[in-house]
Amino acid sequence: MNTWRLRDLLEATAGECLCRIRDDGYRTIGTDSRTIRPGDIFVALIGENHDGHRFIDAAIENGAKAIILNPDAVGEEAIRRWALQGIACIAVSDTLTALGDLARYHRNRMNVGVVAVTGSNGKTTTKNLTAAVLGQCFPVLATEGNFNNLIGVPLTLFRLNPEHRWAVIEMGMNRPGEIDRLGAIASPDIGIITNVAPAHLEGLGSIERVALAKAELMDHVREAMVLNADDPMHAFLANRCQTTIVSFGNSDGADIRATRIEQGFTDSRFLLHIPGYAPLGVHLHLAGPAMISNALAAAAAGFAAGLGPDAIVRGLEGVRPVPGRMYCIDTPGGIRLIDDTYNANPGSMKAALSALAPFCRERRIFLILGDMFELGEAAASLHREIGREAGKTGVFRLWATGAHATDVVSGAMDAGMDGDALMAGTPGDLVAGLKALLAPGDWVLVKGSRGMRMETIVSDIRQWLQEG
């Protein structure tokens, strides 16, 4: 089905068509020449390592019928050749900006509500929970994988079709201005800021600047802003909000609250309080205080969207853990691997430790930690702080790898942890140590920033256990 006309492309991008062709319409928009199909539009993005203009011929070979490009990057001869092939060449000054403008144009012509989710921790889980809640009553589109940046958000919005009634869009950032741009593209009806924690300090410098960067979303929210009443930066954010606020948390003043909380390691139970309704019991198949907070954020978004409590509870109870996010793998040898390797920052590290701590007296727990990235000058002190927090949990072993492994170990020693229970080494050292000590009933939690590739440790140990 053709969803784009040439006039749409020109109107959305304010671009110039460099050749006269018949406007037969186009199918969809892509940025990877390898996935382009007949009738598609190819946007030639310029990145740090690749220039999409080099792959225009490959995109055309795969069936692209229109190209969004910067003419300075290709030259007149190439444009004449493509015009003779019947390809619409649309000139813009910045192809990444054009991609976002096309996504905003498409979002605005769809009869759809948008929920935008950002925050330092819990974005993906909150996005999944929110999509599940709204999905009880409406057809919902949600961000897949890590499509949460200036390329991924537009590619997600291009998937909107007339059947959808809501889209739940995750938004990540590394520097000021990114959330502002993503908010302008998605134009959300409801915004969620899960929390504000020391993440991306390398690009932002302070927790206040992190909060300001997240707050950029609020300038683009149409109806309601969902904020964490338990977060230390709540008042800072609330004072800057110009729209309706729906708060969530365990604080007495929160609009959406949880009480009578019972926590296991793989699930949680609590009473959900929603204004105007009697409390309802929730059995959440996710564990830890952070996951309950994410569930309350999703419930607040559902409430802001007009859903009743029964639909909200059904949505929350239907979500299951996903690999990389406190995902439990029970092996044939009776050892539990806890895969929390998707990413890490000080807030998510503390959330994992908080979930783990109540079980450290019952069994031997190995904590395998990798570096947290993008912390700037505070990196050493923040890794040492995580070591101190880990040392207080009572874990059986704390082993760390990466440039700041010794900082983690030093912090654990500050907390009184025995040196024999600590190790700083390579991933190979840690895997060898695990193989020498693991016994039935042990738990192993593995966590670190994405660039540390901590999932390889989970994979190596899992394979070893299965072979054994």
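Refer to the structure presented above.
Definitions and cut-offs
Residues numbered from 1 in each chain as written. Predicted model: local features only at pLDDT ≥ 70, side-chain atom pairs only at ≥ 80, totals over all residues. Heavy atoms only, no water. Axes fitted to C-alpha atoms, helices over the stretch in contact; angles between N-to-C directions. Helix = DSSP H or I, 4+ residues; strand = E, 2+ residues; numbered from the N terminus. Parallel < 35°, antiparallel > 145°, perpendicular 65-115°, else oblique. Left-handed = near helix turned anticlockwise from the far one by under 90°. Contact = heavy atoms within 4.5 Å. Nonpolar A, V, L, I, M, F, W, Y, C, P; charged D, E, K, R; others polar. Phe/Tyr/Trp six-rings, centres within 6.5 Å; stacked < 30°, edge-to-face > 60°. Buried < 20%, exposed > 50% of the residue type's maximum accessible area, 1.4 Å probe, protein only. Pairing = 2+ DSSP bridges. Salt bridge = Lys/Arg side-chain N within 4 Å of Asp/Glu carboxyl O. Core = buried A, V, L, I, M, F, W, Y, C linked by side-chain atoms within 4.5 Å. Expected span 1.5 Å × (residues − 1).

(A) Focus on the packing of helix H5 (residues 123-134) against helix H11 (residues 289-304). Contact pair H5 / H11: the axes reach a minimum separation of 8 Å and the direction vectors enclose 40°. With respect to H11, the element H5 is oriented oblique. The way H5 lies across H11 gives a crossing that is right-handed. Residues Thr125, Thr126, Leu129, Thr130 and Val133 of H5 touch H11, and the partners they reach there are Met291, Asn294, Ala295, Ala297, Ala298, Ala301 and Gly302. By residue class, the composition of the contact of H5 with H11 is seven nonpolar, five polar and no charged.

(B) Structural context of the packing of aromatic side chains. For the structure shown, the criterion picks out seven aromatic pairs. For the ring pair Phe359 and Trp443, a centre distance of 5.7 Å and an interplane angle of 40° mean the geometry is tilted. In this pair, Phe359 sits in the loop between helix H13 (346-356) and strand S17 (365-370) while Trp443 sits in strand S20 (residues 443-447), placing the two residues 84 residues apart along the sequence. Classification of Phe359 as buried rests on a relative accessible area of 12%.

(C) Inspection of the sheet that holds S17 at higher detail. Here six strands make up an open sheet; going across it, the order is S15-S16-S20-S17-S18-S19 and the pairing mixed. The outermost strands of the open sheet, each flanked by one partner alone, are strand S15 (327-330) and strand S19 (422-424). The average undirected angle you get between the axes of adjacent strands in this sheet is 15°. Across five bridges, strand S16 (residues 336-340) lies against S20 in parallel orientation. Within S20, the residue paired with Asp339 across the bridge is Val446. Packed onto the sheet, helix H17 (residues 455-467) meets S15, S16, S17 and S20 and runs at close to 160° relative to S16.

(D) Main features of the pairing of S20. Burial of S20 is extensive: five of the five residues sit out of reach of the surface. Side chains Trp443, Leu445 and Lys447 project from S20 onto one buried face, and the interleaved Val444 and Val446 project onto a second face that is buried too. Where S17 and S20 come together, five bridges link them in parallel fashion. From the neighbouring strand, Leu369 faces S20, where its bridge partner is Lys447.

(E) Inspection of the pattern of salt bridges at higher detail. Going through the model one piece at a time under the given rule, you end up with 19 salt bridges. Across the pair Arg181 and Asp101 runs a salt bridge, and its minimum N-O distance is 3.0 Å. Taken together, the residues span a long stretch of sequence, with Arg181 in helix H7 (residues 178-186) and Asp101 in helix H4 (residues 95-109) at a distance of 80 residues. Connected through salt bridges with shared partners, the residues Asp101, Arg104 and Arg181 form a single ionic network.

(F) The arrangement of the nonpolar core in detail. Leu272, Leu284, Leu316, Leu356 and Leu398 are the most contacted members of the largest nonpolar core, which totals 71 residues. It is H11 that provides the largest number of residues to this core, a total of nine residues. Look past the residues within four positions of Leu272 in its chain and what remains in contact with it is Ile256, Arg257, Pro279, Leu280, Val282, Leu296, Ala299, Ile312, Val313 and Leu316. Counting 52 residues, the second-largest nonpolar core is a separate cluster that includes Ala88, Leu102, Ala215 and Met225.

(G) Highlighting the pairing of strand S10 (residues 224-228). Within S10, five of the five residues are buried, which leaves the element mostly enclosed by the surrounding structure. On S10, burial covers both faces: Ala224, Val226 and Asn228 on one face and Met225 and Leu227 on the other are all buried. Strand direction decides the pairing type here: strand S9 (residues 190-193) and S10, joined by four bridges, are parallel. The residue of S10 that forms the bridge with Ile192 is Val226. One ladder, built from five bridges, connects S10 with strand S11 (residues 244-249); its direction is parallel. Bridge assignment links Ala224 to a residue of S11, and that residue is Thr244.

(H) Just H5, in detail. Taking 1.5 Å of rise per residue, the 12 residues of H5 would be expected to cover 16 Å, and the 16 Å separating its terminal C-alpha atoms lies within 8% of that figure. Across the 12 residues that make up H5, a large majority, 10, are buried.

(I) Here's a closer look at unusual backbone geometry. We note that Met326 has phi near 50°; this positive angle belongs to a residue other than glycine. Position of Met326 relative to the elements: it lies in the loop between helix H12 (309-317) and S15. A positive phi angle, near 60°, is found at Glu374, a position not held by glycine. With respect to the secondary-structure elements, Glu374 resides in the loop between S17 and helix H14 (379-393).

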